[in-house]
Amino acid sequence: MLQGKYAVVLSRNARGSAAIATAKAMAAQLGVDYLDRPHNQVLEDFMAAQGLAAVIVLEKDGPRIHSEHGTFAYHPGMAEIRVQQLLRGAPDHLVQALDLHTGARVLDCTLGLASDAAVAACVAGPTGRVVGLEASLLLHFAVQHGLAHYECKTPLLTAALRRVESVHAVAADYLAQCVAQKMSFDVVYFDPMFRHPVQGSKAMEALRPLSLEEPLARSTVELALQVAPRVVIKERSEYLLAEYGCTEYVGGKYSRIKFGIIRR
């Protein structure tokens, strides 16, 4: 996870008392400073002068995170295409692996961009529940804002984004809390998406430093099995999935992605 000092600043086209008040509120939520950047100073020079590892820039369409690794602003990734395919009756491996249905209760322990959570929320519908956990405060902050404000081309997906409950939490801690409170879900999902990162993806290069890079522990999977009768893990090989105890696999013959299933 990105280490160092952060701050919130305004973009050059977001000025005025209302924008400043919003930026200061964001800074307070993140527990960092709001800094007034000189209008004519290049962002990289400002970061160097202030000793900042990252800045959250409030732009007209929401927060954008800048670091030496690149820039990140929320977008739903492939969720839009996948939902459109579902509406045409095409299958989706995630939907199959999670055994999604109307009213399903899903706990996504690795929310990331919330693309999978958005697809799950579309299928689960208004009577379902999709909770997504994100351990990185910066990433949680940006994605939570996107879930609340991003407008998709597909109205069904926009509605689904609004229903995803984004929680800033470490998966093991949240699962332990669920066990203690006897809170249950139909399925718990893990996507350790950076164990084998996609090379050459600029979007992922910018996102990766914001994320908590820790391997999925077997003890966390065992906690998940106390919370739901079905646990699904996304990985790039059946060999890695077998290490967690998966005995069923979903994925296309030529797909790089496999979903491993563990039943309680």
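Let me begin by describing the structure that accompanies this report. What you see is a predicted model, and the numbers here were worked out from it, not measured in a lab.

1. Let's talk about the environment of C152
Residue placement: C152 occurs in the loop between α6 (137-149) and α7 (155-163). Put simply, C152 and A79 are 73 residues apart on the chain and 9.7 Å apart in space, counted from C-alpha to C-alpha. Setting aside residues up to four positions removed in sequence, C152 forms contacts with P76, E80, L157, T158 and L161.

2. Observations concerning the nonpolar core
Core analysis: the biggest nonpolar cluster contains 55 residues, and V8, I56, L98, V143, L157 and V232 have the highest contact counts within it. For this core, the element with the most residues is helix α5 (residues 115-124), which contributes seven residues. Discounting residues that sit within four places of it in the chain, V8 has contacts with A23, M26, A27, L30, V32, D33, Y34, L35 and I56. Counting 25 residues, the second-largest nonpolar core is a separate cluster that includes L175, F185, F190 and L241.

3. As for the packing of aromatic side chains
Enumeration according to the criterion identifies two aromatic pairs in this entry. Ring centres 6.4 Å apart and planes at 35° place the aromatic pair Y189 and F259 in the tilted group. Of this pair, Y189 sits in strand β9 (residues 187-190) while F259 sits in strand β12 (residues 258-263), and the two are 70 residues apart along the sequence. Its relative accessible area of 2% is what places Y189 among the buried residues. Since its relative accessible area comes to 6%, F259 is described here as buried.

What counts, and where the lines are drawn
- Residues numbered from 1 in each chain as written.
- Predicted model: local features only at pLDDT ≥ 70, side-chain atom pairs only at ≥ 80, totals over all residues.
- Heavy atoms only, no water.
- Helix = DSSP H or I, 4+ residues; strand = E, 2+ residues; numbered from the N terminus.
- Contact = heavy atoms within 4.5 Å.
- Core = buried A, V, L, I, M, F, W, Y, C linked by side-chain atoms within 4.5 Å.
- Buried < 20%, exposed > 50% of the residue type's maximum accessible area, 1.4 Å probe, protein only.
- Phe/Tyr/Trp six-rings, centres within 6.5 Å; stacked < 30°, edge-to-face > 60°.

Note that every value here comes from positions in space, so none of it alone points to a role or purpose.
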